[in-house]
Amino acid sequence: IPGGYVSEDFPINDLTSSMMGLHLDLGFRVTPKWMVALAADLAGGGTPGITYRLLCATEGDDCSVSTARFALEGRYTFRPLERRSLWVGAGLGAETTRVTVEGSDDQRDDLPSWSGGLFRLSAGWDHRMSRNWGYGLFAAMSMGRYDEVTYGDSGDPVDVQRDDHQGHSWLDLGVRFILFP
């Protein structure tokens, strides 16, 4: 669920709508209570916001939005040896959000790809069914600012003006399945 602004006077809801996604964690337990994890949030097939829906429609195209966020996260588990446990995490990372023409590898020159850094907070509840697997619930809030935008296939990023930086956020809620908790 997106919120906030891409840049001044440009709400993120004009860029994208809510999307279904996949959340992956690959972690290493430093101690029973502390884990370092690489978190990946991937979502695609979203509907562009009104600005890009209209822009795509004028050319007769159907467009979609995808986003990818990656963060290195530290995570603390309150009762790591119990069957049920709460955990919290925080991390830093990067993100990109892209508008593309559906069913095409070509990128139109007027469609953007935004990128920047982010700060991530997460929390969850896990239930271990055995030593090898479990399930749980999680919530994650990623907050960031887009620093640059690339249009089309040029590959030449344009810096977002410093006074035009605005904050945005992504709220992720979901169910998790855990291997080797």
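These numbers come from a predicted model, not from an experiment. (Residues numbered from 1 in each chain as written. Predicted model: local features only at pLDDT ≥ 70, side-chain atom pairs only at ≥ 80, totals over all residues. Heavy atoms only, no water.)

Caption draft 1: Geometry of the environment of cysteine 56. By the element assignment, cysteine 56 lies in helix α1 (residues 50–58). Along the sequence, cysteine 56 and leucine 111 sit 55 residues apart, while their C-alpha atoms lie 8.7 Å from each other. (Helix = DSSP H or I, 4+ residues; strand = E, 2+ residues; numbered from the N terminus.)

Caption draft 2: Fine view of the environment of arginine 84. Its place among the elements puts arginine 84 in strand β6 (residues 84–101). Along the primary structure arginine 84 and glycine 60 are separated by 24 residues, whereas in three dimensions their C-alpha atoms are 52 Å apart. The residues contacting arginine 84, other than those within four sequence positions of it, are Trp125, Asp126 and His127. Polar side-chain contacts of arginine 84 include one of 3.2 Å to the side chain of histidine 127. (Contact = heavy atoms within 4.5 Å. Polar contact = N/O pair within 3.5 Å; in protein donor to acceptor, adjacent residues only side chain to side chain.)

Caption draft 3: How the structure looks around the side chain of serine 142. Among the structural elements, serine 142 can be located in strand β8 (residues 133–151). A residue is classified by how much of its surface remains accessible, and serine 142, at 1% relative accessible area, is buried. Sequence-distant contacts of serine 142, that is, excluding residues within four places in its chain, are made with Asp41, Arg69, Leu118, Phe119, Arg120, His168, Ser169 and Trp170. (Buried < 20%, exposed > 50% of the residue type's maximum accessible area, 1.4 Å probe, protein only.)

Caption draft 4: Summary view of the pattern of salt bridges. Tallying each qualifying case throughout the model produces nine salt bridges. Here aspartate 41 makes a salt bridge to arginine 69, at a shortest N to O gap of 3.9 Å. Taken as a pair, aspartate 41 in strand β4 (residues 34–46) and arginine 69 in strand β5 (residues 63–77) lie far apart in primary sequence, 28 residues in all. Judged by relative accessible area, aspartate 41 falls into the buried class, the value being 6%. A relative accessible area of 4% means that arginine 69 is categorised as buried. Between arginine 128 and aspartate 126 there is a salt bridge; the shortest N-O distance is 3.7 Å. (Salt bridge = Lys/Arg side-chain N within 4 Å of Asp/Glu carboxyl O.)

Caption draft 5: Region of the structure containing the state of the cysteines. A full pass over the atoms with the stated rule returns one disulfide. Note on cysteine connectivity: cysteine 56 is disulfide-linked to cysteine 63, with sulfurs 1.9 Å apart. Negative torsions about the S-S bond denote left-handed disulfides, and the value of about -100 degrees found for cysteine 56 with cysteine 63 makes this one left-handed. Using a relative accessible area of 1% as the deciding quantity, one classes cysteine 56 as buried. Relative accessible area serves as the criterion here: at 9%, cysteine 63 is assigned to the buried category. (Disulfide = S-S within 2.5 Å.)

Caption draft 6: Up close: the nonpolar core. Within the largest apolar cluster, 18 residues are counted, with the highest numbers of intra-cluster contacts made by Val6, Leu15, Val99, Leu111 and Trp114. At the level of secondary structure, the elements contributing two or more residues to this core comprise α1, β5, β6 and β8. (Core = buried A, V, L, I, M, F, W, Y, C linked by side-chain atoms within 4.5 Å.)

Caption draft 7: Quick peek at the pairing of strand β10 (residues 168–179). Pairing geometry for strand β1 (residues 2–7) and β10, over three bridges, is antiparallel. Across the sheet, the residue bridging to glycine 3 is serine 169, located in β10. Where β8 meets β10, twelve bridges bridge the pair, whose relative direction is antiparallel. Within the sheet, the bridge partner assigned to methionine 143 lies in β10 and is serine 169. (Pairing = 2+ DSSP bridges.)

Caption draft 8: View of a nonpolar patch on the surface. Where nonpolar side chains cluster on the molecular surface, the patch consists of Met129, Trp133, Tyr135, Leu137, Val175, Phe177, Leu179 and Phe180 and spans about 910 Å² of accessible area. Taken together, the elements giving at least two residues each to the nonpolar patch come down to β8 and β10. (Patch = residues over 30% accessible without salt bridge, like charges linked within 9 Å, V, L, I, M, F, W, Y side chains within 5 Å. Areas by Shrake-Rupley, 256 points an atom, 1.4 Å probe, with all protein chains shown as cover.)

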